[in-house]
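Okay, here's what each chain looks like letter by letter:
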Amino acid sequence: MAARPRIFLLFSLLALLPFPSSLAAAGGCRKNTTLAGFEAELAMVQHQLRGVVRVLDACSFSVSEFDMLAGSTQVRWWGAAGDGFRNLTLGSPISDQTLSRTFRNESFTVRLADNATWDHIAVLAVWDPVTASDFGHVVLGAPGLDQSEAPIPSPDLSPVPSPSSSSVERRSKRRIHPQPTMFDNCLTLSPRYRLRWTFYPESDSIDIGLEAAIGSQYYMAFGWAAPGSPSPSMIHADVAVAGFRDDATPFVEDYFITGYSECVQNKDDKFKGVCPDTMYEGGDPVGLVNNTKLVYGHRKDGVSFVRYARPLVSGDDKYDVPVSKTGSMTVIWAWGLMRSPDTLLPHYLPQKHGDSRLTNFGYFDFNVSRRVNDCLGPLDAADKEDQDLIIADGKKPLVVSSGPAFHYPNPPSPSKVLYINKKEAPLLRVERGVPVTFSVQAGHDVALYVTSDFLGGNATSRNMTEVIYAGGPEAEGVPASPTELVWSVDRNTPDLVYYHSLYEQKMGWKVQVVDGGISDMYNNSVFLDDQQVTLFWTLSDGSISIAARGEKKSGYLAIAFGGGMIDSYAYVGWVDDEGKSRVNTYWIDGKDAMNVHTTSENLTYVRCKSENGIITFEFTRPLSPSCSGRVECKNIIDPTTPLKVVWAMGSRWSEDHLNERNMHSVTSGRPVRVLLLRGSAEAEQDLLPVLAVHGFMMFVAWGILFPGGTLAARYLKHVKGDGWYQLHVYLQYSGIVIVLLGVLFAAAELRGFYISSVHVKFGVTAMILACVQPINAYIRPKRPENGEVASSKRIIWEYVHVIIGRSAIIVGIAALFSGMKHLGDRYDSENVEGLALALMLWVLSGGLLVMYLEYKQFKRRDENSVRGSWVLGNSEEDDSVDLLRPDRMVMKPESHPSGRMELQLEPLNR
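Scoring rules and cut-offs
Residues numbered from 1 in each chain as written. Predicted model: local features only at pLDDT ≥ 70, side-chain atom pairs only at ≥ 80, totals over all residues. Heavy atoms only, no water. Patch = residues over 30% accessible without salt bridge, like charges linked within 9 Å, V, L, I, M, F, W, Y side chains within 5 Å. Areas by Shrake-Rupley, 256 points an atom, 1.4 Å probe, with all protein chains shown as cover. Salt bridge = Lys/Arg side-chain N within 4 Å of Asp/Glu carboxyl O. Helix = DSSP H or I, 4+ residues; strand = E, 2+ residues; numbered from the N terminus. Phe/Tyr/Trp six-rings, centres within 6.5 Å; stacked < 30°, edge-to-face > 60°. Buried < 20%, exposed > 50% of the residue type's maximum accessible area, 1.4 Å probe, protein only. Disulfide = S-S within 2.5 Å. Pairing = 2+ DSSP bridges. Axes fitted to C-alpha atoms, helices over the stretch in contact; angles between N-to-C directions. Contact = heavy atoms within 4.5 Å. UniProt positions renumbered as here; feature names shortened; annotations may be inferred. Polar contact = N/O pair within 3.5 Å; in protein donor to acceptor, adjacent residues only side chain to side chain. Core = buried A, V, L, I, M, F, W, Y, C linked by side-chain atoms within 4.5 Å. Expected span 1.5 Å × (residues − 1).

Among the surface-exposed residues, Leu 837, Met 840, Leu 841, Leu 844, Leu 848 and Met 851 lie close enough to one another that they form a single nonpolar patch of about 640 Å² accessible area. Mapped onto the fold, Leu 844 is located in helix 11 (residues 831–860).

So this is what it looks like as structure tokens:
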């Protein structure tokens, strides 16, 4: 018992003794490491992560200039054997420190966990195990690599510096794995826009980074004003314009400003405005005027970032401003919407920036050699979702395929990810109560399913609490044999679920589940050409409600009724600079801005919105405008006639003073014929040859055969024999056959037969009358014997037969003229008027021929044959030949007082 106080006193004294710092750390801190002094910049992957990592010793490392947007509570420092998807997911935490908050240019020291050593860490990452997300990482080397052979700076165990001038000086030292997102300097231009740069005096060049929390359809501009200007001006300024193309790839180009307008071409073929240097010179095949070189660019977390390099003094003294190494010069900056290239101007062109100075544009004195870093913390965009948005429609299947991962929203990812409607891992939005149909054709190794699990790929039951809402092992297919999967989204489906492959993690993305939206409010919907615009509509009594939704980001969306944008009635929806929704109507009669005429259509229930760059607008209008005298009064929608619809999109639209800015940047390749009553659509085809054949067949029938048969029955009975009768029957039967073939041919090519237009009504009426004639002939009453009075039935039949036949010809000719008009309305063909004139001359010639034959008939006619002449020609009609079976002869004995029967013999070769 007496020894215990002495032992306790001994330990107390030992505790007061100073211990070396190398022994204060646990485990591996007793030995040194060859990685000590290793310094590298963190590669930004997401969450706007930046920073510099420096290995201090065997059990700690320092982090400086550290920026990061907040993640989940499980974000940790992570060690892995490599930076690929497999290696990172198989890694493990190397420190107890959590990184769940936002970091703003901070510096600190991190100690390794007791079980972590540098020998087993090839990649040091900031990792979220909940979402398997890599925020950023540093590649140290392969595990077990002899670090003495690696080019590592000499150890420097000085304390971790704060983000001050000393840290700025240290940035200039050579580092392993330098990152394009890191610069020596950073300057805040506006709350959403930053300028970063690194000056290289030895090469007289500068690297510039433009960074802004803006949408992908916006540009970023920075450059030098013309020296010697009495006041800051953008005229003659040398600026670089950077942004992202429609395919999400970055670009930067040298621009020269000659006017406060978008780049336009004058009548003398010279360019003026904010134009690329290359446009002034007509091209730049050797790169003499475009002196900006793209280094790197990305869009992450709703932030655009582009890094480019340029010389201080270039060989282009016409469009470039020489930059001083040490002196201050006036620079300008701006950001705003940009217009995509088109066939006339193959460049991305900046539109007018906003009017708010120090928010949308500005200018200041700038010295490239000045050291500054006032960017405290990462840019935090309000809208961080950059993925394409697909809105499911219960009437159209979503095509699910697979392809390479280029812009997967949650890196890292497998090399192959899911595509929906040809878009890489888009954000999918569905509506409760609306079934969603997937056409799965991603391959036999990809089984689609909708799950509550963020990562998916739960075939091994990794997540025992996972809820599967649709799909499974059987939901796999290929393009040649796709599998249809129907998901019934009910009211119990959570607001957020995920679509993934059952066998591989992180191939899909999010599914937003919302209450009923636009597709619930309309009875019909179709994709327009190229599946870039969806058209919705509902027919009512005397009116139609229409909605149009773009499937890609744009500044405005337009649809037009017509075969193209020229000679069409257009409806344009956009949101102006003040955030106000607009829907305007126009009549377009040419390709220039002056040919876009504002109209005043009677639109009601007008709405327009832009969501994540996706434009949707709605309106209701009467089917037939109740006005006259204006061009829009002719904009009549006939639900029984296919409506031809085209679309266009662009970056910016202005309500007044229309100019080239209003020209579209992307448009449909061809019109789509929307069948309003059927609720379907089909691509516009060139049916002119089909309709021409149909018209020719009808002309042969109604213009030649039927009139010829009628003329034979009326004017050829004086010819001896029954030739007139044979000609009459054969011509009428041939006409009926050709009419039926012509109708079937047109109906087959037009994919339907609808009694809608005036032409079709005339044609159907004529066809019915023509087909009644053979039936009428079959049931004709018996012809009276010589000397007998015709029965009343016979007389009525003769009148009916003649009236129906001649009425059929008249209605058939009316169908020919209405068909000409219909062809002209459909194709605006210049030849239609000529054909109509030729048809009128043909009918006039036929009328003159009838008048001549009537005159000749009158000279042969008896005064007592008026009735027979008007009906069937004369009283000498030979009714012994069956009208339907002319080969069947009926012998009729004649009565004589003597009881004898006389036969008239005729030559056999008649």
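Turning next to the packing of aromatic side chains. As enumerated under the stated definition, the model contains 34 aromatic pairs in all. Consider the rings of Trp 197 and Phe 366, whose centres lie 4.8 Å apart with planes at 85°: the pair is edge-to-face. Separated by 169 residues along the polypeptide, Trp 197 in strand 11 (residues 193–200) and Phe 366 in strand 23 (residues 361–366) bring together distant segments of the chain. Judged by centre distance (6.0 Å) and plane angle (75°), the ring pair of Phe 454 and Trp 509 falls under edge-to-face. Remark: Trp 509 occurs in the loop between strand 33 (496–501) and strand 34 (510–514) and Phe 454 occurs in the loop between strand 30 (448–451) and strand 31 (468–471); sequence separation between them is 55 residues. A relative accessible area of 7% means that Trp 509 is categorised as buried.

To continue, consider the state of the cysteines. Where two cysteines share a covalent bond between their sulfur atoms, that bond is called a disulfide. Applying the stated criterion across every chain, the model contains three disulfides. The disulfide partner of Cys 186 is Cys 375, and the S-S distance across this bridge is 1.9 Å. Judged by the sign of its S-S torsion, about -85°, the cystine formed by Cys 186 and Cys 375 is left-handed. Highlighted residues: Cys 186 in strand 10 (residues 185–190) and Cys 375 in the loop between strand 23 and strand 24 (389–391), separated in sequence by 189 residues. What makes Cys 375 buried here is its relative accessible area of 2%. The disulfide partner of Cys 263 is Cys 275, and the S-S distance across this bridge is 2.1 Å. Across the S-S bond of Cys 263 and Cys 275 the torsion is about 105°, and the bridge reads as right-handed. With a gap of 12 residues between them, Cys 263 in the loop between strand 15 (250–257) and strand 16 (264–265) and Cys 275 in strand 18 (residues 274–276) connect regions that are remote in the sequence. As far as burial versus exposure is concerned, Cys 263 and Cys 275 are alike and both buried.

Right, let's talk about the sheet that holds strand 3 (residues 50–57) for a bit. Strand order in the open sheet formed by four strands is 1-3-4-7, with antiparallel pairing between adjacent strands. Every interior strand has two partners, whereas the edge strands, strand 1 (39–41) and strand 7 (103–111), have only one. Here the strands of the sheet are splayed against their neighbours by 15° on average, with no regard to which way each runs. In this sheet, strand 4 (residues 60–68) lies alongside strand 3 in antiparallel orientation, the contact comprising six bridges. Note on strand 4: the bridge partner recorded for Arg 54 is Ser 62.

A separate point is the environment of Trp 842. Among the secondary structure elements, Trp 842 is positioned in helix 11. Look at Trp 842 and you get partly exposed, because its relative accessible area is 41%. Residues Trp 842 and Gly 703, spaced 139 residues apart in sequence, show a C-alpha to C-alpha distance of 8.1 Å. Sequence-distant contacts of Trp 842, that is, excluding residues within four places in its chain, are made with Phe 699, Gly 703 and Ile 704.

According to UniProt, the feature "transmembrane region" (unreviewed entry) maps to residues 687–706, 727–748, 760–779, 799–820 and 832–853 in the numbering used here. Counting secondary structure, residues 760–779 comes out at 95% helix and 0% strand; the distance between its end C-alpha atoms is 29 Å. Secondary structure across residues 799–820 comprises 100% helix and 0% strand; the distance between its end C-alpha atoms is 32 Å.

Turning our attention to the environment of His 298. Checked against the element boundaries, His 298 lands in strand 19 (residues 293–300). As for His 298 and Ala 248, which are separated by 50 residues in sequence, their C-alpha atoms are 8.4 Å apart. Leaving out residues up to four positions away in the same chain, His 298 has contacts with Met 44, Thr 181, Phe 244, Val 303, Ser 304 and Phe 305. One polar contact links His 298 to Tyr 296, side chain to side chain, over a distance of 2.9 Å.

The next thing to look at is the sheet that holds strand 37 (residues 543–550). In space, the five strands of this open sheet follow the order 35-36-37-43-42, with antiparallel pairing throughout. Looking at strand neighbours, the two that pair on one side only are strand 35 (524–527) and strand 42 (604–611), the edges of this open sheet. Within this sheet the neighbouring strands show an average axis-to-axis angle of 15°, counted without direction. In this sheet, strand 37 lies alongside strand 36 (residues 533–540) in antiparallel orientation, the contact comprising eight bridges. When the bridges of strand 37 are listed, Ser 540 appears paired with Ser 543.

The next point concerns the pattern of salt bridges. Throughout the structure, instances matching the rule amount to 27 salt bridges. Between Asp 184 and Arg 371 there is a salt bridge whose closest N-O contact spans 3.4 Å. Here Asp 184 is found in the loop between helix 4 (165–171) and strand 10, whereas its partner Arg 371 is found in the loop between strand 23 and strand 24, with 187 residues between them in sequence. For Asp 184, a relative accessible area of 10% translates into the label buried. Each member of the salt-bridge network shares a partner with another, and the members are Arg 50, Arg 196 and Glu 211.

Of all hydrophobic cores here, the largest spans 44 residues; its most connected members are Leu 428, Val 430, Phe 438, Trp 487 and Tyr 499. Broken down by element, this core gets its largest block of residues, four residues, from strand 26 (residues 416–420). When sequence neighbours within four positions are dropped, the list of residues in contact with Val 430 reads Ala 392, Val 436, Trp 487, Val 489, Val 511, Gln 512, Val 513 and Val 514.

Okay, helix 11 next. Here helix 11 contains 30 residues, and its C-alpha end-to-end distance of 44 Å stays within 8% of the 44 Å for a straight helix at 1.5 Å per residue. The complete set of buried residues in helix 11 reads Val 832, Ala 836, Leu 839 and Gln 857.

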